[in-house]
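Results of the structural survey
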Amino acid sequence: MMFNASAVEIRQKFDVNRHVTSEPEIRRLLEEAREASQFISTMIVQAKLNERGGYEVKPSKEHVGATLEIPSEEIIRKSATQSKQ
């Protein structure tokens, strides 16, 4: 859910900046992309609905030492609704 939304946002950023030709601006945009990639890799964890009706999180080695933020029920409901559309 969050990964899909992140991918869409990243694609939009690349499309918006498709015609940038200034080397310093390209470097800045690429650095922003690297920072976003790092954030997504370490700070977003996909939870999966299990057979008991709860959500399971299986952090990977990239998440070691990161702070886990549990989304509210409202955020989870909104995200689930958006993914079904």
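Residues numbered from 1 in each chain as written. Predicted model: local features only at pLDDT ≥ 70, side-chain atom pairs only at ≥ 80, totals over all residues. Heavy atoms only, no water.

Overview of helix α2 (residues 23–43)
Put simply, the rule reads: Secondary structure elements are taken from DSSP: a helix is a run of H or I of four residues or more, a strand is a run of E of two residues or more, and numbering for both begins at the N terminus. The span one expects for a helix is its residue count, reduced by one, times 1.5 Å. The buried label goes to any residue with under 20% of its type's maximum accessible area, the exposed label to any with over 50%, and the partly exposed label to all in between, with areas taken from a 1.4 Å probe on protein chains only.
In this model, α2 (21 residues) spans 30 Å end to end at C-alpha, consistent with the 30 Å of a helix rising 1.5 Å per residue. Every buried residue belonging to α2 is among L29, I40 and T42, and all of these are buried.

Here's the deal with the UniProt feature "domain: Complex 1 LYR protein" (unreviewed entry) in the chain
Put simply, the test is: UniProt positions are given in the numbering used here, feature names are shortened, and annotations may be inferred rather than shown by experiment.
Under the UniProt annotation, "domain: Complex 1 LYR protein" (unreviewed entry) lies at residues 8–37. Segment residues 8–37 splits into 80% helix and 0% strand. End C-alpha atoms: 13 Å apart.

Some points on the layout of surface pockets
The following threshold applies: Using protein atoms alone on a 1 Å grid, points that fit a 1.4 Å probe yet trap it form a cavity, whereas open point sets bounded by protein on both sides within 12 Å along at least five of seven lines form a pocket; residues with an atom within 4 Å of a point count as lining. Grid points are joined across faces, edges and corners, and a volume is the space filled by probe spheres set on the points. Polarity classes work like this: nonpolar for Ala, Val, Leu, Ile, Met, Phe, Trp, Tyr, Cys and Pro, charged for Asp, Glu, Lys and Arg, and polar for all others, with Gly in that last group.
Within this model, the second largest pocket holds a volume of roughly 450 Å³. Along the walls of the second largest pocket sit 18 residues, with I10, K13, F14, L29 and A33 positioned nearest its centre. Those elements giving two or more residues to the lining of the second largest pocket turn out to be α1 (2–16) and α2. Ranked by residue count, the leading element in the lining of the second largest pocket is α2, at eight residues. Classifying every residue of the lining of the second largest pocket gives twelve nonpolar, two polar and four charged.

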